[in-house]
Amino acid sequence: MRDKYRIKFEKDGIMRFTGHLDLLKIIQRATKRAELPVAFSSGFNPHQQVSFALPLPIGMSSVGEYVDIEFDVKVPGNTILEELNKQMPVSGLRITSVREFAEGEKSGAALTEAASYEIILPVEKDAVNPKIVEDILKAEQIVIPKKTKSGVNDTDIRPDIFSLCLDGNILRATLAAGSSRSLKPELVAEYMLSLAGVEFGAFTIKYHRLDLLQKTENGFKSLNEV
């Protein structure tokens, strides 16, 4: 019987500019060099049973990324962590925790419904009035142009904003993320700055993902929690 593990990792520094497919190759090569017993799919073109919870946009850093890996045999979590970190690039990519799947647990991709972010705005700490955040949270609708599968359409993004908190020039946000609904933090930053009368510069804002979240009866919790 195969054993599944959820591996949490950080991505920062120069690795922020590594695309999703290249990251997959790095993980696959690392498991091979570490001689870990990764399971392969069956069929004509077998591949490693490795799947990410949610791809990270290029240029964004994160301390809360997840990859699920299946092994042919049980391996101690600390062994997986240590051996994979030995094979990671010198800086910018680091495994922080490994845990075995709980019985009946779904994949990270299936569980993810939200993500938490830290958005560092290119303004003075008092340039954005906190009341703007309050007004956004009180609003029943926030309709803005948003790119969808059918093109750019006016879309109500308010249901996809779960929490906002402004601390100086740092905006902390919990937004919809996953296969069913998703809201890019760039759209929230652009909308908030427009209300503050501040020009939006796409390449002047730093986005940092803090964690990926699953929905429970008591609210959201980390994918790392069983």
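Shown above is the structure to which this text applies.
Cut-offs applied
Residues numbered from 1 in each chain as written. Predicted model: local features only at pLDDT ≥ 70, side-chain atom pairs only at ≥ 80, totals over all residues. Heavy atoms only, no water. Helix = DSSP H or I, 4+ residues; strand = E, 2+ residues; numbered from the N terminus. Buried < 20%, exposed > 50% of the residue type's maximum accessible area, 1.4 Å probe, protein only. Pairing = 2+ DSSP bridges. Axes fitted to C-alpha atoms, helices over the stretch in contact; angles between N-to-C directions. Parallel < 35°, antiparallel > 145°, perpendicular 65-115°, else oblique. Left-handed = near helix turned anticlockwise from the far one by under 90°. Contact = heavy atoms within 4.5 Å. Nonpolar A, V, L, I, M, F, W, Y, C, P; charged D, E, K, R; others polar. 1 Å grid on protein atoms, 1.4 Å probe; cavity = no way out; pocket = protein on both sides within 12 Å on 5 of 7 lines; lining within 4 Å. Points joined across faces, edges and corners; volume = space filled by probe spheres on them. Polar contact = N/O pair within 3.5 Å; in protein donor to acceptor, adjacent residues only side chain to side chain.

**Q** It is not clear to me how unusual backbone geometry should be interpreted in this structure. Could you clarify?
**A** Among all residues save glycine, negative phi is the norm, and among peptide bonds the norm is trans. The backbone phi angle of E35 is positive, close to 60 degrees, even though this residue is not glycine. Position of E35 among the secondary structure elements: in the loop between α1 (20-33) and β2 (50-52). For E35, a relative accessible area of 71% corresponds to the exposed category.

**Q** Got a minute to help me understand the pairing of strand β11 (residues 219-222) in this structure?
**A** Along any regular strand the residues' side chains alternate between the sheet's two faces. Summarising the sheet, strand β10 (residues 206-216) and β11 pair through 4 bridges and their orientation is antiparallel. Directly across from T216, in β11, lies its bridge partner G219. Where β10 hands over to β11, the hairpin turn is made up of 2 residues, counted between the paired strands.

**Q** When you look at the packing of helix α4 (residues 130-138) against helix α5 (residues 185-196) in this model, what are you seeing that I'm missing?
**A** Two quantities define a packed helix pair, namely the angle between the axes and the distance from one axis to the other. The geometry of α4 relative to α5 is characterised by a closest axis approach of 10 Å and an angle of 120 degrees between their N-to-C directions. As summarised for this structure, α4 and α5 are arranged oblique, according to the angle between their axes. Remark: the crossing between α4 and α5 carries right-handed chirality. The segment α4 lies against α5, with I132, V133 and I136 engaging Y191, M192, L195 and A196. Here the contact of α4 with α5 is composed, by residue class, of 7 nonpolar, no polar and no charged.

**Q** Looking at this model, I keep getting lost on the layout of surface pockets. Mind explaining?
**A** In this approach a probe as big as a water molecule rolls over the atoms, and the regions it shows empty are the leftover space. Each pocket or cavity is described by its volume, and for the largest pocket that value is around 730 Å³. Lining the largest pocket are 28 residues; nearest its centre among them are K146, K147, S182, L183 and K184. Elements supplying a minimum of two residues to the lining of the largest pocket: β6 (143-148), β7 (151-156) and α5. The dominant element in the lining of the largest pocket, judged by the number of residues it contributes, is β6, at 4 residues. Along the lines of polarity and charge, the residues of the lining of the largest pocket split into 12 nonpolar, 7 polar and 9 charged. Taken together, R16, P57, I58, G59, M60, E186, A202, F203, T204, I205, K206 and Y207 make up the full set of residues lining the second largest pocket.

**Q** Hey, could you run me through the side chain of D68 in this one?
**A** Examined against the element boundaries, D68 turns out to sit in strand β3 (residues 61-71). In terms of polar contacts, D68 uses its side chain to reach the side chain of R6, at 2.8 Å. Apart from residues lying up to four places away in sequence, D68 is in contact with Y5, R6, Q49, V50, S51, F101, S107 and G108.

**Q** What am I meant to see in the environment of A115 here?
**A** Note on placement: A115 falls in strand β5 (residues 112-120). A115 sits in the buried class, given a relative accessible area of 0%. Setting aside its immediate chain neighbours within four residues, A115 contacts A173, T174, L175, A177, R209, D211, L212 and L213.

**Q** Help me out: how do you make sense of empty space enclosed by the protein in this one?
**A** Tallied over the full model, the rule gives 1 cavity of 30 Å³ or more. For the largest cavity, the calculated volume is near 50 Å³. Contributing to the lining of the largest cavity are F9, K11, H20, L23, F52, L54, P55, L56, E65 and Y66. Among the elements of the structure, β1 (3-11), α1 and β3 are those that each provide at least two residues to the lining of the largest cavity. Of the residues contributing to the lining of the largest cavity, the split by class is 7 nonpolar, 1 polar and 2 charged.

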